[in-house]
Amino acid sequence: MEDKLEKEIFELICYMLISARNLDQETKMYGPFRLVDAASKLIEILEKNEIYDEFLSQARTIIEANKYKVMTDKEEFLSFLDDLALKMVAKLKEDG
Amino acid sequence: MRVFEVIKGRRSIRKFEKRLIEKKILQKLVEAGVWAPTGGNGQTWVFMIVTDSDRIRKIKAVSPGVLGIPSALIVICQDRELAYKKGGELGRDILSIMDVAMAGQNIMLQAYDEKIGSCPVLSFYKKGVQTLLNIPDWIVPELLISLGYPAEFPKPPKRKFGEVCFFEEYKSANGR
């Protein structure tokens, strides 16, 4: 697999599928964490490959600043996800 | 550093600098691991040190718990056949796991003393790691430790010493 983008996407898919396999035996909150982390990884891959979107880039910054709250404060982690989900919905509505 | 200072100072690190760790330091970390106690003096673990960045990327792809980009990984495995031969079912199923945990803690404390950050990881696909590192079936990866010079210094989560430590007799504080 020579192409860089192809390689990065392949590794992300590995990450997602293996998360799916392992999550049934893991801490419940790791499910939301893996999903939000996968979203961040996908945005990062797009950016690296010059598919840049200001809104998604900001979303990634928010994810990176907050994702580890899952380890220390479940309520704060869920609150960050709520805020992010609302931002996504507002953007969805705005874009028609 | 004093031992208690090391124990209290160690944090799980998930962001690392792009800086390699010298081979002799990595060997010292594993040496710290093999000086941990083992059930019945079994010493049935196997330690794999991984520093090749391509290999680390591939292991990361099958290890959702490895966060950030570590400079090295130590994979602590158990020779389950040998553990069974030495300690029967108890040795293979319980003592061997406790041995991994004790060796892992030694490694992480020694790493902290060397100014290296570490994070223990159990969220990984064992068969995937076995395949990527050419590990035979009877030697099972049980714990990954990601290592690198820290790019973060997280605050410690609170400890509940008063609620979990009792002298002589258990006294429930909350009816449990």
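Above this text sits the structure in question.
Conventions adopted
Residues numbered from 1 in each chain as written. Chains lettered and ligands numbered in written order. Predicted model: local features only at pLDDT ≥ 70, side-chain atom pairs only at ≥ 80, totals over all residues. Helix = DSSP H or I, 4+ residues; strand = E, 2+ residues; numbered from the N terminus. Rg over C-alpha atoms; globule rule 2.2 N^0.38 Å. Buried ≥ 20, exposed ≤ 12 C-beta atoms within 10 Å, placed from the backbone. Contact = placed C-beta atoms within 7 Å. Pairing = 2+ DSSP bridges. Axes fitted to C-alpha atoms, helices over the stretch in contact; angles between N-to-C directions. Core = buried A, V, L, I, M, F, W, Y, C linked by C-beta atoms within 7 Å. Nonpolar A, V, L, I, M, F, W, Y, C, P; charged D, E, K, R; others polar. Expected span 1.5 Å × (residues − 1). Parallel < 35°, antiparallel > 145°, perpendicular 65-115°, else oblique. Left-handed = near helix turned anticlockwise from the far one by under 90°.

(A) The arrangement of the overall build of chain B in detail. Tallying secondary structure elements over chain B gives six helices and four strands in all. Each helix and strand of chain B, ordered N terminal to C terminal, gives the series α-α-β-α-β-α-β-α-β-α. For 176 residues, the compact-globule estimate of 2.2 N^0.38 gives 16 Å, and the C-alpha radius of gyration of chain B, at 17 Å, lies within 12% of that figure. Along the three orthogonal principal directions, the C-alpha set of chain B runs to about 50 × 45 × 30 Å. Classification of the 176 residues of chain B by burial places 36% in the buried group. Partitioning the intrachain contacts of chain B with sequence separation of at least 6 by distance along the chain shows that 82% fall at a separation of at least 24.

(B) Fine view of the sheet that holds strand S4 (residues 139-148) of chain B. All names here are of chain B. The strand order S1-S2-S4-S3 describes an open sheet built from four strands, whose pairing is antiparallel. Looking at the sheet topology across the chains shown, the edges are occupied by strand S1 (45-50) and strand S3 (117-121). For this sheet, the mean inter-axis angle between neighbouring strands, taken without regard to orientation, is 25 degrees. The strands that helix H4 (residues 80-113) touches are S1, strand S2 (72-79), S3 and S4; relative to S2, the one it contacts most, it runs at about 160 degrees.

(C) Local environment of the nonpolar core. Residue and element names in this part refer to chain B. Leu73, Ile74, Val75, Ile76, Leu144, Ile145 and Leu147 are the most contacted members of the largest nonpolar core, which totals 37 residues. Of all the secondary structure elements, the ones that give two or more residues to this core are helix H2 (23-34), S1, helix H3 (53-61), S2, H4, S3 and S4. Among all residues touching Leu144, those that are not within four sequence positions of it are Ser63, Val66, Leu73, Val75, Val121 and Phe124.

(D) The interface of chain A and chain B, seen in detail. Each side of the interface is counted separately: chain A has 12 residues, and chain B has nine residues. For the side of chain A that touches chain B, the secondary structure elements donating two or more residues are helix H1 (4-22) and helix H2 (30-48) of chain A. Considering each element in turn, the side of chain A that touches chain B owes the most residues, seven residues, to H1 of chain A. Considered class by class, the residues forming the side of chain A that touches chain B number five nonpolar, three polar and four charged.

(E) Seen up close, H2 of chain A. Here H2 of chain A spans 26 Å end to end across 19 residues, near enough to the 27 Å set by a 1.5 Å rise per residue. Within two residues after H2 of chain A, Glu50 of chain A carries a phi angle of roughly 60 degrees, on the positive side.

(F) Focus on the environment of Gln43 of chain B. Residue and element names in this part refer to chain B. Note that Gln43 resides in the loop between H2 and S1. Using a count of 16 C-beta atoms within 10 Å as the deciding quantity, one classes Gln43 as partly exposed. With 114 residues separating them along the chain, Gln43 and Pro157 place their C-alpha atoms 33 Å apart.

(G) Main features of the packing of H2 of chain B against H4 of chain B. Residues and elements named next belong to chain B. Interhelical geometry of H2 versus H4 gives an angle of 140 degrees and a closest axis separation of 7 Å. Regarding the angle of H2 to H4, the classification is oblique. Classified by chirality, the crossing of H4 by H2 is right-handed. Two secondary-structure elements touch here, H2 through Lys28, Leu29, Val30, Ala32, Gly33 and Val34 and H4 through Ala103, Asn106, Ile107, Gln110 and Ala111. Its residues assigned to classes, the contact of H2 with H4 shows seven nonpolar, three polar and one charged.

(H) Up close: the environment of Asp137 of chain B. All names here are of chain B. For Asp137, the location among the structural elements is in the loop between helix H5 (126-132) and S4. When the 9 C-beta atoms within 10 Å are taken as the criterion, Asp137 is described as exposed. Each C-alpha atom of the pair Asp137 and Asp54 lies 23 Å from the other, and the pair is 83 residues apart in sequence.

(I) Focus on unusual backbone geometry. Of note in the backbone geometry, Glu50 of chain A takes a positive phi value of approximately 60 degrees without being a glycine. You can see Glu50 of chain A is positioned in the loop between H2 and helix H3 (54-66). When the 6 C-beta atoms within 10 Å are taken as the criterion, Glu50 of chain A is described as exposed. Its identity is not glycine, yet Gln43 of chain B carries a phi of approximately 45 degrees, on the positive side.

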